Amino acid sequence: MPCHKDKEVAFFGKITAGITHEINNVLAIIKEATGLLEDILSLTGEDAFSHKNKFEITLNRILGQIQRGVAITNNLNRFAHSPDHSPSTIDLNEVAEQVVLLASRFARLKNVDLETGPKDGPLIIKTHPVSLQMALFITIELFLDLTKSGGRIILSPRKIQNKYVVGIHFESKTPGDTDLFQAIISSDRWESLQEIMAYLGGTAQVDKFAPEILLYFTEAINK
Amino acid sequence: MRNLKILLVDDEVEFVTTLAERLELRGFRAQAVTDGESALHIIESDPPQVIILDVMMPGMGGLEVLKRIKTQHPQIHVILLTGHGSTKEGIEGMQRGAFDYLMKPINIEELIKKMQDAIKSQP
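Sequence positions are assigned chain by chain, starting from 1 and proceeding in written order. Lettering of chains starts at A and numbering of ligands starts at 1, both following the order in which they are written. Residue-level local features of this predicted model are given only where pLDDT is at least 70; pairs of side-chain atoms are given and counted only at 80 or more, and the full residue set underlies all totals for whole chains, interfaces and linings. As a convention, hydrogens and water are excluded, and side-chain values are obtained from all of the structure's heavy atoms.

Student: Explain the packing of aromatic side chains residue by residue, including any values.
Tutor: Residue and element names in this part refer to chain A. A pair of aromatic rings is counted whenever rings of Phe, Tyr or Trp (Trp by its six-membered ring) have centres within 6.5 Å, and the orientation is called stacked for planes under 30 degrees apart, edge-to-face for over 60 and tilted otherwise. Under the definition given, this model contains 3 aromatic pairs over all chains. Geometrically, the ring pair formed by Phe49 and Phe55 is edge-to-face, given 5.4 Å between the ring centres and 80° between the ring planes. When accessible area is computed with a 1.4 Å probe and restricted to protein chains, residues below 20% of their type maximum are described as buried, those above 50% as exposed, and intermediate ones as partly exposed. According to the relative accessible area criterion, Phe49 is partly exposed, its value standing at 32%. Judged by its relative accessible area of 46%, Phe55 falls in the partly exposed class. With a centroid separation of 5.2 Å and 15° between ring planes, the pair formed by Phe143 and Phe170 is classed as stacked. Taken together, the positions of Phe143 in helix H4 (residues 129–146) and Phe170 in strand E5 (residues 163–171) put the pair 27 residues apart, joining distant regions of the chain. Comparing Phe143 with Phe170, the two get one shared label, buried. Numbering of helices and strands runs from the N terminus; a helix is a DSSP stretch of H or I covering at least four residues, while a strand is a stretch of E covering at least two.

Right, here's the structure in full:
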């Protein structure tokens, strides 16, 4: 039987998913209205009225922003559905890509590039999707906290000696960021990360030479 | 092909009327309604060749409307419109006889292509 916290998360997810559908409908209407204006413009001659070119450019900008809005709501919708089935079977590559999209704004505020590394086939595990996303997000936040500005964070899901791992590698651009190891293990977020990984039946380790945080996941969680 | 008779069914009135207008500009005969019951009435009196049908509607849902259309008028092609993350409904709709499905917001050229494919598929 789900506990109260699980019910809260499920409620939050359901409401958020419903709202993303509403936003999507708004975007669909704006897209059709913009499309209609484009259709009408295309029926007029080149010099039918002054500034026609500016109208076309502006309509294109609106369409670009609609596309951006759709991508954001799609991602938020997927995130909102994460608690629907827990535990569930997921591909670590897909989850890493999704977290990169969700965390991109936070990285951008610190001028940090956030990306996923090269894929090496599907990495399917059975786990709690919300906690998994939290673990990846906290690790990203941990690096963002420790850098002044700039750098690159790369999430690389992979298998190491038959274990399922997501490596979060950080390339700093700030000279003061060189000794990250001590800063990582003494931060509050590191403690939170350890707790989440224990809940997921896994561990978090630091490779201080990379520098990289390695999250080890169990193939199939039972609880 | 351009004279095709199309019925658009979606509870978002601004969406469905604007889309109908855009299809009219391209030479199609497009009619728009905002609920399943109205769609079924029109189908009885003036059946279209293709129906563009939203899955998520208040009252009679799109999949129920589809079921009734396919029982009474199996020759009419139905293309479903789904929201994001609703691939499941789209696939279920195809299993129930829909020709295909598109996710909103749609691309009008893609919609026209699917309607043409549907008509060409007619035996």
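Student: Residues and numbers for the interface of chain B and chain A, please.
Tutor: Many descriptions give the size of an interface as the accessible area lost when the pieces come together. Contact between two residues is taken to exist if any of their heavy atoms lie within 4.5 Å; hydrogens are not considered. Taken together, the contact pairs 17 residues of chain B with 19 residues of chain A. Simply put, the buried area is the total loss of 1.4 Å probe accessible area from both parts when two parts are fitted together. Roughly 1600 Å² of surface becomes buried between chain B and chain A when both sides are summed, with 60% attributable to carbon and sulfur atoms. It is Arg22, His84 and Pro105 of chain B in chain B that bury the most area against chain A; as a group they hold 42% of the surface buried on that side. For this document, the term salt bridge refers to a Lys or Arg side-chain nitrogen within 4 Å of an Asp or Glu carboxyl oxygen. Where chain B packs against chain A, one counts 3 salt bridges. A salt bridge links Asp39 of chain A to Arg22 of chain B, with the shortest nitrogen-to-oxygen separation between them at 2.8 Å. Polar contacts here mean pairs of N or O atoms no more than 3.5 Å apart (in protein, one a potential hydrogen donor and the other a potential acceptor; neighbouring residues in sequence count only if both atoms are side-chain atoms). Inspection of the chain B/chain A interface yields 7 residue pairs in polar contact (both at pLDDT 80 or more). The classification used treats Ala, Val, Leu, Ile, Met, Phe, Trp, Tyr, Cys and Pro as nonpolar, Asp, Glu, Lys and Arg as charged, and all other residues, Gly among them, as polar. Of the residues belonging to the side of chain B that touches chain A, the class tally is 5 nonpolar, 6 polar and 6 charged.

Student: Give a detailed account of the sheet that holds strand E7 (residues 212–217) of chain A, specifying residues and quantitative values.
Tutor: Consider a sheet: its strands pair through backbone hydrogen bonds, and that pairing is either parallel or antiparallel. All names here are of chain A. Criterion used throughout: strands pair if DSSP finds at least two bridges between them. An order of E2-E4-E5-E7-E6 is seen for the 5 strands of this open sheet, with the pairing classed as mixed. Pairing within the sheet leaves two strands with one partner each, and these edge strands are strand E2 (112–116) and strand E6 (203–207). In this sheet, adjacent strand axes meet at a mean angle of 20° when their direction is disregarded. In this sheet, E5 lies alongside strand E4 (residues 151–160) in antiparallel orientation, the contact comprising 9 bridges. By the bridge assignment, Arg152 is partnered in E5 with Glu171. Fitted lines through C-alpha atoms give the axes, limited to the stretch in contact for helices. The angle between two N-to-C directions lies from 0 to 180 degrees. Helix H3 (residues 92–108) rests against E2, E4, E5 and E7 of the sheet, and its axis sits at about 170° to E2.

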